[in-house]
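Examination of the molecular architecture
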Amino acid sequence: MLPTASRPKSASLRIAVIGAGVIGLATALELRTRGADVVVYDAGMDLGAGASIRSAGMLGAAFEWAVEEDQRSLAALARHAGMIWPDFAARVERMAGGGIEFSPEGALVVARTPAEVEWAEGIAAACQARGLPVKRMTAPEMKRLEPTLADGLHGGMLLPEDRQVDASLVLQRLGAALSRQGVGVRLGRKIDRIVGGASFQMPDGDRFNRVVLATGAGTLPEFVGPRGAQLPHGLPACVPVKGQMLALVSAIGGPRHVIHTRDVYIAPKARWTLVGATAERGRQDLEIDRKAIEDLRRRGAAVAPMIATAAELTAWAGIRPGTPDDAPMIGQTAIPGVFAALGHFRNGVLLAPATAELVAEQAIDGKVSPLASAFDPLRFDKDGD
Ligand SMILES: Cc1cc2nc3c(=O)[nH]c(=O)nc-3n(C[C@H](O)[C@H](O)[C@H](O)COP(=O)(O)OP(=O)(O)OC[C@H]3O[C@@H](n4cnc5c(N)ncnc54)[C@H](O)[C@@H]3O)c2cc1C
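Owing to the predicted nature of the structure, the values given are computational and were not obtained by experimental measurement.

Further remarks concern the environment of Ser-179. Here Ser-179 shows up in helix H6 (residues 167–180). Taking C-alpha positions, Ser-179 is 9.8 Å from Leu-29, a pair spaced 150 residues apart along the chain.

Here it is, written out as structure tokens:
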């Protein structure tokens, strides 16, 4: 059992979630479903105005992790998240009364050159070694499945369990589901300071038994005791990783599947086709670099030629919330009763329902699931001892 500030029954447990991105909203819904009284605070005026609304909404449970040899715990968490996503999607859609474009089509991984065949083969082998379903395909087989692909490709595979959603719809529907469940979402409230003690007091005076930090790449509030002394939470600073993305008009007969190559992906949605993304470590600005955007288009066109001429709708940048070891921080911080749901880097949409479960288990029941133990937010603190 975890040391916690106090242990009221979940029905009388008041929990503040700081951050209305996909992680904070999914966690708030899970906490509410388990009986807690929940309020969400966010600095922005819209839901998910940080990284979440700028994401491609891919649920890459296999592709993202197959090649990450040193991230086995994260691969297991991603797999679990991939498995619970269909139920989560159905639950959110039912609770909100609207869809999120959950697409079960699977993702294609394409080799454009003989050199990339080896890279693709590495992914297929790693997926198989981890028990993830993978269907190797020749270039003609891929073209039959996805006619928008270029000629002259060198084959690849279908990852049937890598799905996608429209991230902005997920945010909208989570907001609607929370509202129907009586969860208040207080927008335009940046939380700079929380006063701890027998309970946690927000700047608006409201008090809570627990706090969940889901601030993404934003600024963590400072915690102080009743007499003003600092309460260290033990969390490292976020490692920001900027990502730029191109959104094109979705044409009839356009791509149906998520398509990955080694250096670009295409994620088709009903309202646009996304081509992404750059990965610029340490950058926190939201500026668009036209050359980077044109590079994305050129790479995308090499695998799906219609990308070359599709009209541009918009382009944007978002900041992925990274950590020193690129794995999330999920669990109790150095302050009893304060929990982290942070550092989801390039997979926050995929991991949201799994993180929500793990945080709720800890914050309400005081249990740390074996899946969560690798993501102890205090692991960096321990390294420094
Ligand atoms: C270009 C791009 C493409 C991506 N594609 C994918 C993808 O296909 N699949 C995937 O799974 N992931 C993807 N990601 C990653 C994903 O977007 C993030 O991992 C995820 O959105 C993180 O969610 P979050 O809720 O932690 O953070 P955010 O969405 O950033 O939310 C944090 C919220 O906290 C609020 N906040 C911060 N500080 C405070 C404070 N002190 N007080 C009050 N509020 C505060 C912010 O206003 C913000 O709304 C992508 C990211 C980018 C940039």
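Anyway, onward from the coordinates.
This brings us to the site of the ligand. In the vicinity of the ligand, 39 residues are found, and the nearest of them are Asp-42, Ser-52, Met-58, Thr-219 and Phe-345. Taking Ile-191, its main chain carries an N or O atom lying 2.9 Å from a nitrogen atom of the ligand. In the complex, 96% of the free accessible area of the ligand, which totals 1000 Å², lies under the protein chains. The set of elements that each furnish at least two residues to the shell around the ligand consists of helix H1 (22–33), strand E14 (239–248), strand E19 (312–322) and helix H8 (348–365). When its residues are assigned to classes, the shell around the ligand shows 17 nonpolar, 16 polar and six charged.

By volume, the second largest pocket is sized at about 190 Å³. Around the second largest pocket, the lining comprises 18 residues; the ones closest to its centre are Gly-218, Leu-220, Pro-236, Ala-237 and Cys-238. Here the lining of the second largest pocket spans two domains, and each of domain 1 (10–53 + 168–237 + 325–383) and domain 2 (107–160 + 239–322) adds at least three residues to it.

What follows deals with the packing of H1 against H8. Here H1 crosses H8 at 45°, and the two axes come no closer than 8 Å. One way to sum up the angle between H1 and H8 is to call them oblique. Crossing handedness for the pair H1 and H8: right-handed. Side by side, H1 and H8 meet where Val-22, Ile-23, Ala-26, Thr-27, Glu-30 and Leu-31 of the first sit next to Gly-348, Val-349, Ala-352, Thr-355, Ala-356, Glu-357, Val-359, Ala-360, Ala-363 and Ile-364 of the second. Considering only residue class, the contact of H1 with H8 consists of 11 nonpolar, three polar and two charged.

For the rest of this paragraph, the subject is the domain arrangement of the chain. For the chain, the domain assignment lists domain 1 (10–53 + 168–237 + 325–383) and domain 2 (107–160 + 239–322). Inter-centroid distance (C-alpha atoms) of domain 1 to domain 2 is 32 Å. Facing 10 residues of domain 1, the contacting portion of domain 2 comprises nine residues. Carbon and sulfur atoms supply 57% of the area buried between domain 1 and domain 2, which totals about 830 Å² over both sides. On the domain 1 side of the contact with domain 2, Ala-51, Ala-217 and Phe-345 bury the most area, a combined 51% of that side's loss. Summed over the shared surface of domain 1 and domain 2, the result is one salt bridge. In this structure, the salt-bridge partner of Arg-281 is Asp-326, at a minimum N-O distance of 2.9 Å. If you look at where domain 1 meets domain 2, you find four residue pairs in polar contact (both at pLDDT 80 or more). For the side of domain 1 that touches domain 2, the per-class residue count stands at four nonpolar, four polar and two charged.

Below, the discussion takes up helix H7 (residues 290–303). In this model, H7 (14 residues) spans 21 Å end to end at C-alpha, consistent with the 20 Å of a helix rising 1.5 Å per residue. Among the residues of H7, Ala-292, Ile-293, Asp-295, Leu-296, Arg-297, Gly-300, Ala-301 and Val-303 are the ones counted as buried. Buried residues along H7 sit against strand E4 (107–110), E14, strand E15 (258–260), strand E16 (265–268), strand E17 (273–276) and E19. Its side-chain oxygen placed 3.0 Å from the backbone nitrogen of Lys-291, Asp-289 serves as the N-cap of H7.

Bringing the packing of aromatic side chains into the picture now. The description of two aromatic rings rests on the distance between their centres and on the angle between their planes. In total, this model carries six aromatic pairs according to the counting rule given. Each ring, one from Tyr-41 and one from Phe-208, has its centre 6.2 Å from the other, and the planes form 85°; the classification is edge-to-face. Here Tyr-41, found in strand E2 (residues 37–41), pairs with Phe-208, found in strand E11 (residues 207–208); they are 167 residues apart in sequence, far enough to count as distant. Residue Phe-208 is classed as buried on the basis of its relative accessible area, which comes to 1%. Relative to Phe-223, the ring of Phe-200 has its centre 6.5 Å away and its plane inclined at 90°; by these criteria the two rings are edge-to-face. A residue pair is termed long-range when its members are at least 10 positions apart, and Phe-200 in strand E10 (residues 200–201) and Phe-223 in strand E13 (residues 222–224) qualify at 23 residues. Assigned by exposure class, Phe-200 and Phe-223 land together as buried. Each member of the aromatic cluster is reached from another via a ring pair, and the members are Trp-85, Phe-88 and Phe-102. The lysine or arginine in question, Arg-271, covers the ring of Trp-272, its NZ or CZ lying 4.1 Å from the ring centre.

Cut-off values and rules
Residues numbered from 1 in each chain as written. Predicted model: local features only at pLDDT ≥ 70, side-chain atom pairs only at ≥ 80, totals over all residues. Heavy atoms only, no water. Helix = DSSP H or I, 4+ residues; strand = E, 2+ residues; numbered from the N terminus. Near = heavy atom within 4 Å. Polar contact = N/O pair within 3.5 Å; in protein donor to acceptor, adjacent residues only side chain to side chain. Areas by Shrake-Rupley, 256 points an atom, 1.4 Å probe, with all protein chains shown as cover. Nonpolar A, V, L, I, M, F, W, Y, C, P; charged D, E, K, R; others polar. 1 Å grid on protein atoms, 1.4 Å probe; cavity = no way out; pocket = protein on both sides within 12 Å on 5 of 7 lines; lining within 4 Å. Points joined across faces, edges and corners; volume = space filled by probe spheres on them. Domains from an automatic or database assignment. Axes fitted to C-alpha atoms, helices over the stretch in contact; angles between N-to-C directions. Parallel < 35°, antiparallel > 145°, perpendicular 65-115°, else oblique. Left-handed = near helix turned anticlockwise from the far one by under 90°. Contact = heavy atoms within 4.5 Å. Buried area = accessible area lost by both parts, 1.4 Å probe. Salt bridge = Lys/Arg side-chain N within 4 Å of Asp/Glu carboxyl O. Expected span 1.5 Å × (residues − 1). Buried < 20%, exposed > 50% of the residue type's maximum accessible area, 1.4 Å probe, protein only. Phe/Tyr/Trp six-rings, centres within 6.5 Å; stacked < 30°, edge-to-face > 60°. Lys NZ or Arg CZ within 6 Å of the ring centre and 35° of its normal.

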